[in-house]
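Take a look at the letters that make up each chain.
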Amino acid sequence: MLFNSYIFIFLFLPAALLGWYTLNRLQKYRLAQIFLSGMSLWFYGYFNTYYLLIIVASILVNYLLSYIMKFSRTRLTHRIGLAAGISINLGILFYFKYYDFFIENINLLFRSDFHLKHILLPLGISFFTFQQLSFMIDRCTGKAEHYSFTDYITFVTFFPQLIAGPIVLYDEIIPQFKDTAKRVFSPSNFAKGLSLFILGLGKKVLLADTLAFATNFGFAQTYFLDSPSTLLVILAYTFQIYFDFSGYSDMAMGLGYMFNIALPVNFNSPYKACSVKELWQRWHMTLSRFFVTYVYIPLGGSKRGKARTMINTMVIFALSGLWHGANWTYVAWGTMQGLLAVWDNLGIMGVKGSGEKKAARLQIPRWLGWFFTFSFFNLSLFFFRSENMAYAFQMFKNLFSFRNTGYIYKLAATMDIPEFYIVKQIITMAAPGILPTAYIAVLLLLLAVSGFIVTRKNALEIVETTDYNSRFCWLIVLIFLWSLISFSQVSTFIYFNF
């Protein structure tokens, strides 16, 4: 079930809120959690009932292992439990997400002919697997306690964060569900959550999904693009993925507030970053936290010399790339990000006013640091979005060919959107010859608006500082109604595929 769908907004969400607060008002706290978990499983199974078997099996196996650890008294059994927890969770993830990728490369390397399984990838498996993996690691190392099954299943399945994050930790969410004071309806939290949800909905439906027209067309026509059209395609995708993930993050947090549950911030205006290191402190923050806590620090972090730090950094970014998908393009993307992060850590070049403890030898203005960071991130997305490495390199070739074949007009024609209908009819009757140029103007205007928005306050900052006056409320209503009308062009969230 999608957040941006009629069934979610007009059926699922009202039913979930009504049931949750009614049962809590009757002080049926455990039953309220069971109800919410059941609704969350319906939310997840709505995509495909087959997915339910996978997530339920994963939850049962992890909970059983946690229960067994209650009777563990020796260091050896803790180590066995840790090995089992890691193996089970990563094994499940490997089978569903990486098995075919692994076999494809085995066949290519050894000229073998092993059959691919073409396994259907369950939605959000990377998210709920990492969430449970973090719990199992802390459980087996003595940092986490054993919880009731009701608490555990609520922690894993809470629907706002189930499909595309944030990757929450057990000690962030279970104590909130245990707090009976949070079971009482809060008008201020609900207003904040509703506003945040609608702002995120607008980002997704009105911006990300519209930019997707140009992006999808451009990456499907890789070998025909010239330099200007390639530049516009990558800019369109840069803003599309931003508003897609930012929109989901806002909606997830907004839904959490509606239930009086505060989810961790997962997206904090990353395009304001002036270095790659800062960008990854702002983009998918809970994924970065997971890799730092459970991989980077156990590998030694930055405490074993500069060379080891660089290796650990490269490992983290390569794994991050692979986490996003079973394709060498994602590994290349992660490696490129890692190299840029290593460059930042070398301290050769720094940004003025960045707050780094050790000043770099060459200090550049913040605007120049932002330009380099934004530009390199754009270039890395050629790997992230392309179907394979050949397509990615072709996009680089297109961009730096400096050819102009006029293909930009075909690209811009994808901006034949409903909002442009009346203007299009007027131009068609008055001066049809300028219609192709008008489409280019629409695309450029959309990119300009996107660029303006990402430099302003983000949605969370807006809802936390607004006084909810009539002007703001009318703006929220307008965005909501406009988004509802645009549901006919609905698309899934990009991060659902990860």
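You'll find the structure just up there.
Residues numbered from 1 in each chain as written. Predicted model: local features only at pLDDT ≥ 70, side-chain atom pairs only at ≥ 80, totals over all residues. Heavy atoms only, no water.

Caption draft 1: Expanded view of the overall build of the chain. Of regular secondary structure, the chain possesses 20 helices and two strands. In terms of overall dimensions, the chain has a C-alpha envelope of 80 × 55 × 55 Å along the principal axes. Here the chain, with 498 residues, has 53% of them falling under the buried criterion. In the chain, the proportion of contacts linking residues at least 24 apart, taken out of those at least 6 apart, comes to 74%. Carbon and sulfur atoms make up 67% of the accessible area of the chain, which totals about 23200 Å². Averaging the positions of the 39 positive and the 22 negative side-chain charges in the chain gives two centres separated by 7 Å. (Helix = DSSP H or I, 4+ residues; strand = E, 2+ residues; numbered from the N terminus. Buried < 20%, exposed > 50% of the residue type's maximum accessible area, 1.4 Å probe, protein only. Contact = heavy atoms within 4.5 Å. Areas by Shrake-Rupley, 256 points an atom, 1.4 Å probe, with all protein chains shown as cover. Lys, Arg positive; Asp, Glu negative; His and termini not counted. Charge placed at Lys NZ, Arg CZ, Asp CG, Glu CD.)

Caption draft 2: Inspection of unusual backbone geometry at higher detail. In this chain, Gly-165 is followed by Pro-166 through a cis amide linkage whose omega measures 5 degrees. Take Pro-166: it is sitting in the loop between α6 (149–157) and α7 (170–178). Unlike most non-glycine residues, Asn-260 shows phi in positive territory, near 65 degrees. The residue Asn-260 is located in the loop between α9 (227–258) and α10 (276–279) in this model. Its relative accessible area of 5% is what places Asn-260 among the buried residues. Of note in this structure, His-284 is not a glycine but carries a positive phi near 45 degrees. Mapped onto the elements, His-284 comes out in the loop between α10 and α11 (285–296). Judged by its relative accessible area of 1%, His-284 falls in the buried class.

Caption draft 3: The arrangement of the environment of Ala-191 in detail. Tracing the backbone shows Ala-191 in helix α8 (residues 187–220). Judged by its relative accessible area of 29%, Ala-191 is partly exposed. Residues Ala-191 and Tyr-257 lie 66 residues apart in sequence; the distance between their C-alpha atoms is 8.6 Å.

Caption draft 4: Focus on helix α20 (residues 470–485). Taking 1.5 Å of rise per residue, the 16 residues of α20 would be expected to cover 22 Å, and the 23 Å separating its terminal C-alpha atoms lies within 8% of that figure. Along α20, the residues that are buried comprise Phe-472, Ile-476, Ile-479, Ser-483 and Leu-484. Across the axial projection of α20, the buried residues extend over an arc of 130 degrees, all falling on one side. Those residues of α20 that are exposed and aimed more than 90 degrees away from the buried face are Ser-470, Arg-471, Trp-474 and Ile-485. Buried residues along α20 sit in contact with α1 (6–25), α8 and α19 (459–465). (Expected span 1.5 Å × (residues − 1). Arc of directions from axis to C-beta.)

Caption draft 5: The packing of aromatic side chains, seen in detail. A full pass over the atoms with the stated rule returns 72 aromatic pairs. Between Phe-127 and Trp-323 the ring centres are 5.2 Å apart and the planes differ by 85 degrees, which places this aromatic pair in the edge-to-face class. You can see Phe-127 sitting in helix α5 (residues 125–140) and its partner Trp-323 sitting in helix α12 (residues 306–324), a full 196 residues away along the chain. Residue Trp-323 is classed as buried on the basis of its relative accessible area of 1%. (Phe/Tyr/Trp six-rings, centres within 6.5 Å; stacked < 30°, edge-to-face > 60°.)

Caption draft 6: Structural detail: a nonpolar patch on the surface. Taken together, the side chains of Trp-367, Trp-370, Phe-371, Phe-372 and Phe-376 present a nonpolar region at the surface, about 520 Å² in accessible area. Looking at where Phe-372 falls in the secondary structure, it is placed in helix α14 (residues 366–385). By relative accessible area, Phe-372 is classed as partly exposed at 31%. (Patch = residues over 30% accessible without salt bridge, like charges linked within 9 Å, V, L, I, M, F, W, Y side chains within 5 Å. Salt bridge = Lys/Arg side-chain N within 4 Å of Asp/Glu carboxyl O.)

Caption draft 7: Highlighting the side chain of Asn-89. Note that Asn-89 resides in helix α4 (residues 75–110). Every residue in contact with Asn-89, bar those within four places of it in the chain, is listed here: Ser-58, Asn-62, Thr-129, Gln-132, Leu-133 and Met-136.

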